[in-house]
Amino acid sequence: MAIISNPKTLDLNDIQGMVVRGYGKLLETAYFLLEVNDAKSAKAWMHDILPLIDSADVSNHSEKTLHLAFTPKGLNALGMDEKNQASFPVPFREGVATEDRSRILGDYGENAPNKWRWGANDGKLHMVLIFHAKDKAAMSTFLDEERNRLAKAGGISIIKEMKGYLRPDNKEPFGFHDGISQPMIKGSGRPGPENDLIATGEFLMGHKNEHDQYPYSPLLETDQGNSALLKDDAAGSGKKDLGHNGTFMVFRQMEQHVDDFWEYMNDKTKNEDGSSNEDAKIKLAAKCIGRWPSGASLVNFPDKDPGGDLDNDDFGYADKDPDGLRCPYGSHLRRNNPRDAFRWYDKKQSLKVTKRHRIIRRGRTYEEKVSGRDKDEIGLHFICFNANLELQFEFIQHAWANNNQLRHLSNDIDIIIGVPPEGNPNNEKGQFTIQAEPVNQYVDSWKRFVTIRGGDYFFFPSISVINYLTTI
Ligand code: HEM
């Protein structure tokens, strides 16, 4: 495989920057969860911050950025006509916390939405304002400025403030380099490995997807506001497209039980005399994730973490690791993107299928004080973008991470984010299979290392659609 070019054909000025950029140099993040109390003032405020919203074009905001996303209740609170609201796709309109969605995502038991601290279709959560800044001091000034702006505008309350950060080495709380495998949106101008070049419409509505079709997009069913700001529906309905250059954002607060994770890895790999075996412990954890802590791939470096900067994404499984002897079939990485070795398909067909189930991940670490606990909670503010929630995020979580019937595996689920089918007694003991010769190895009795603490689905519109929303 090779790194290929990806000529810039999209109107990057119209796309909110986070879809294309990870802002690796802006280490601090914050989120304001907002409630609209008065639509007119809220729209005036949106108009005011419009120039600050970062676009995907060469960033004008190298020191700080703002992004804005909406829940269905937010669109309603701004006064969007009911028919126009109804044109949004069902998963977004229904929200993340329906009974069916909880079942397929594994949001039951400890993960149940009624235990979450925020989101879960909370009627008051209307918008999220996302901040990035280069350091803590810059973030503090930025938040003060925007708090003042909100107070002055009136008509919007901050219902919750949350903070996150990116470690300079980009490691998530279990200690693994994250954010490496990312799709490249065709037309974004960003080059990358051929496997990662994905049709624009998988991430941005109004463009063709990997099925060579336009993804479902919300349309203007009733004329409202300044519709001249909207693009025509590229699929040819003759209507205006509210989705053009926009996408959907999944936001989930995922607590990580870091001590339990490493205690488990340690317990399973102890020497006969009971002492710890550091190398074996790290290797087992790497087999579960599918990369070494440095981010190096197990396919390219099966025995030992080479360290350094060998964390590229330019690999497949079909040629070097068809039997999962290097990177286990059930590892987090291989499950959630089987790349060129999915089921019985040949390489080409496999890539064709897996490219239809990709997400752009923008997760960052958070730490939060929780009353009654002596240690701060730590975890991931998981954020991903996709044009189709059902075929991308939900498919990955349900059909790959939670699936205990995956080919070559017997009853395993994703050891990082998997949730066993409710009421399946065989899963109580927890099993993870490591393909090996002459026989497979198994570890079992793992506890869940991640718990969901909050979350919701958001519409992440283009910059011109945010402008349009100020006119409805
Ligand atoms: C606390 C929760 C999570 C942790 C600790 C975690 C950790 C990681 C790590 C360390 C990587 C490897 C780095 C990379 O390739 O970028 C990775 C990759 C990935 N994760 Fe997660 N992750 C979490 C949640 C999720 C969720 C909720 C999903 C989707 C449902 C997901 C989907 C993926 C995908 C698609 C990849 C890239 C696979 C590939 O393209 O090879 N992760 N994750």
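Thresholds applied
Residues numbered from 1 in each chain as written. Predicted model: local features only at pLDDT ≥ 70, side-chain atom pairs only at ≥ 80, totals over all residues. Helix = DSSP H or I, 4+ residues; strand = E, 2+ residues; numbered from the N terminus. Rg over C-alpha atoms; globule rule 2.2 N^0.38 Å. Contact = placed C-beta atoms within 7 Å. Domains from an automatic or database assignment. Nonpolar A, V, L, I, M, F, W, Y, C, P; charged D, E, K, R; others polar. Near = placed C-beta within 6 Å. Expected span 1.5 Å × (residues − 1). Buried ≥ 20, exposed ≤ 12 C-beta atoms within 10 Å, placed from the backbone. Core = buried A, V, L, I, M, F, W, Y, C linked by C-beta atoms within 7 Å.

*Asks:* Looking at this structure, I do not really get the overall build of the protein. What am I missing?
*Replies:* Counting secondary structure elements, the protein contains 12 helices and 18 strands. Taken over C-alpha atoms, the radius of gyration comes to 22 Å for the protein, in line with the 23 Å a tight globule of 472 residues would show. Each principal axis of the C-alpha atoms in the protein carries an extent, and together these give about 70 × 50 × 45 Å. Here the analysis covers contacts within the protein between residues at least 6 apart in sequence; of these, 69% occur between residues at least 24 apart.

*Asks:* I'm lost on the domain arrangement of the protein in this one. Help?
*Replies:* Accessible area lost upon the coming together of the parts serves often as the stated size of an interface. Along its sequence, the protein is carved into domain 1 (3-252 + 455-469) and domain 2 (257-357 + 408-450). Here the C-alpha centroids of domain 1 and domain 2 sit 31 Å apart. Taken together, the contact between domain 1 and domain 2 spans 18 residues of the former and 18 residues of the latter. A breakdown of the residues in the side of domain 1 that touches domain 2 according to their chemical character gives eight nonpolar, seven polar and three charged.

*Asks:* Explain the site of the ligand here, please?
*Replies:* Close to the ligand lie 26 residues, the nearest being Phe-176, Ile-180, Ser-181, Asn-336 and Asn-337. Looking at the shell around the ligand, the elements that each hand over two or more residues are strand 12 (247-256), helix 9 (332-336), strand 15 (377-386) and helix 11 (390-401). Among the elements that take part in the shell around the ligand, helix 11 stands out by supplying four residues, more than any other. Here the shell around the ligand is built from residues that sort into 15 nonpolar, eight polar and three charged. Both domains that meet at the shell around the ligand, namely domain 1 (3-252 + 455-469) and domain 2 (257-357 + 408-450), each give it at least three residues.

*Asks:* How do you make sense of helix 11 when you look at a structure like this?
*Replies:* Every α-helical turn comprises 3.6 residues, leaving residues that sit three or four positions apart pointing alike. Here helix 11 contains 12 residues, and its C-alpha end-to-end distance of 14 Å is more than 12% below the 16 Å for a straight helix at 1.5 Å per residue. Within helix 11, the full set of buried residues consists of Leu-391, Gln-392, Phe-393, Glu-394, Ile-396, Gln-397, Trp-400 and Ala-401. Packing partners of the buried residues in helix 11 comprise helix 4 (90-94), helix 5 (99-105), strand 12, helix 9 and strand 15.

*Asks:* Would you mind showing me how to read the environment of Asp-412 here?
*Replies:* Within the secondary structure, Asp-412 is located in the loop between helix 11 and strand 16 (431-434). With 24 C-beta atoms counted inside 10 Å, the residue Asp-412 sits in the buried group. In this structure, the C-alpha to C-alpha distance between Asp-412 and Asn-300, residues 112 residues apart in sequence, is 24 Å. Once residues within four sequence positions are removed from consideration, Asp-412 is found in contact with Gly-330, Asn-404, Gln-431, Phe-432 and Thr-433.

*Asks:* Sorry, what's going on with the nonpolar core here?
*Replies:* A general feature of soluble globular proteins is that nonpolar side chains tend to end up buried together. In this structure, Val-19, Ala-69, Val-128, Phe-248, Met-249 and Phe-458 are the most contacted members of the largest nonpolar core, which totals 107 residues. Residues in contact with Ala-69, not counting those within four places in the same chain, are Met-127, Val-128, Met-249, Phe-458, Phe-459 and Phe-460.

*Asks:* In this structure, what is going on with the environment of Leu-406? I would like to understand it.
*Replies:* Relative to the helices and strands, Leu-406 resides in the loop between helix 11 and strand 16. Measuring from C-alpha to C-alpha, the distance between Leu-406 and Tyr-329 comes to 8.7 Å, with 77 residues separating the pair along the chain. The contacts of Leu-406, once residues within four sequence positions are left out, are Tyr-329, Gly-330 and Arg-335.

*Asks:* Please clarify how the environment of Asn-440 should be interpreted in this entry.
*Replies:* If you trace the backbone, Asn-440 turns up in the loop between strand 16 and strand 17 (441-444). Measuring from C-alpha to C-alpha, the distance between Asn-440 and Asn-300 comes to 21 Å, with 140 residues separating the pair along the chain. Those residues in contact with Asn-440, other than ones at most four positions away along the chain, are Thr-433, Ile-434 and Gln-435.

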